[in-house]
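# Architecture at a glance
Here is what each chain is made of, one letter per residue.
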Amino acid sequence: MSFHVVTGAGPTGTATALRLAGEGERVRLVTRRGSGPEHPGIERVAADATDADALTALVEGAHALINCAAPQYHRWLTEFPPLAAALLTTAERTGAGYVMLGNVYGYGPVAGPLTEDLPAAPTSRKGTLRAALWADALAAHEAGRARVTEVRASDFVGRGATSLFAITVVPAVVAGEPVGYPADLDAAHSWSYVGDVAATLVAAARNETSWGRAWHVPSTSEASPRELAGRLAEAAGAPEPALTEVSRAALARSGNEILAEVEEMGYLYDRPLLLDSTVTRETLGVAATPLETVVEESVRALRP
């Protein structure tokens, strides 16, 4: 039985901690309030992950530090750098393998499938930030100061998922209500199931070949938003989705500071976005959960 530290108890952090504990591992789950799932294999600890000294004490002796914590979306630019710095410092001090949960923002707009060897070419503030966080971690790895890897996911789906689609479209479709979405509704899109994200994080933490590179989460589907909405409605016994395309400018004018942050990421949604996860599947042995399972879980989570 080895020991892992997971930071963040959102949907992905919770899924990761439960996966490790369910496989007999000892898990320390660190959040500001000591929240998280109850499980005999999970020790919940209240601590500030931006405090490198406190975090170092909690991570000493761990096989891996898996970060699933993130600031609120509209606070990324100011709050992510100190969090990332503390996590990397902790990995350097303790020798624990550092597994970062990332996304595809750092690639910038790309024609064709995304592969892990693409160079960073961000065109947005948040993409520039994500690329810089990975560059800092990779530099520490290459200098021999830490072992780091990054698991990159697309838009989350599944129970508790917090992507724009999951929090706006899914509940409306299941309830049979009209909803707008700022995307090409017929463009193919890779969707990352929360459980598959957790599986990839755990596999990367355990595989000694994972360090010093990034991995893509295998996608549960490459359905367009319209297709995925239709699958959800069918599973819920709801009417045909009344899904319409809305402009990103409308989100910026909505008065919601989180939705307003979506505007600069429009290139992710106005064309096909496909993640190539061949290397993850072949090297880490992670396979995507069937879409039918994900859809049924999403619908059940919204039922009384």
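This write-up is about the structure you can find in this document. These numbers come from a predicted model, not from an experiment.

Moving on, we come to the sheet that holds strand E4 (residues 64-67). Ordered in space as E3-E2-E1-E4-E5-E6-E10, the seven strands form an open sheet in which the pairing is parallel. Pairing within the sheet leaves two strands with one partner each, and these edge strands are strand E3 (42-46) and strand E10 (214-216). Averaged over all neighbouring strand pairs, the angle between strand axes comes to 20°, with direction disregarded. For E4 and strand E5 (residues 97-103), the ladder comprises four bridges, and the chain directions are parallel. Bridging from a neighbouring strand, Leu65 pairs with Tyr98 of E5. Each of strand E1 (3-7), strand E2 (26-31), E3 and E4 is contacted by helix H2 (residues 52-59), which is oriented at about 150° to E1, the strand it contacts most.

Attention shifts here to helix H6 (residues 194-206). Across its 13 residues, H6 extends 19 Å between first and last C-alpha, which sits within 8% of the 18 Å expected from 1.5 Å per residue. Within H6, 12 of the 13 residues are buried, leaving the element largely enclosed by the surrounding structure. Along H6, the residues that are buried comprise Val194, Gly195, Asp196, Val197, Ala198, Ala199, Thr200, Leu201, Val202, Ala203, Ala204 and Ala205.

Here we come to helix H5 (residues 164-174). Most of H5 sits inside the fold, with eight of its 11 residues counted as buried. Considered for burial, the residues of H5 that qualify are Leu164, Phe165, Ala166, Val169, Val170, Ala172, Val173 and Val174. Gly176 sits one or two positions beyond H5 and adopts a positive phi of about 75°.

To continue, consider the nonpolar core. Among the nonpolar cores identified, the biggest contains 69 residues, and Tyr98, Phe165, Val169, Tyr181, Leu228, Leu232 and Leu268 are the most heavily contacted of them. Residues within four places of Leu268 in sequence aside, it is in contact with Val104, Tyr105, His189 and Leu273. Grouped together as the second largest cluster of nonpolar side chains are 30 residues, Val27, Ala64, Val151 and Val194 included.

Basis of the calculations
Residues numbered from 1 in each chain as written. Predicted model: local features only at pLDDT ≥ 70, side-chain atom pairs only at ≥ 80, totals over all residues. Heavy atoms only, no water. Pairing = 2+ DSSP bridges. Helix = DSSP H or I, 4+ residues; strand = E, 2+ residues; numbered from the N terminus. Axes fitted to C-alpha atoms, helices over the stretch in contact; angles between N-to-C directions. Contact = heavy atoms within 4.5 Å. Expected span 1.5 Å × (residues − 1). Buried < 20%, exposed > 50% of the residue type's maximum accessible area, 1.4 Å probe, protein only. Core = buried A, V, L, I, M, F, W, Y, C linked by side-chain atoms within 4.5 Å.

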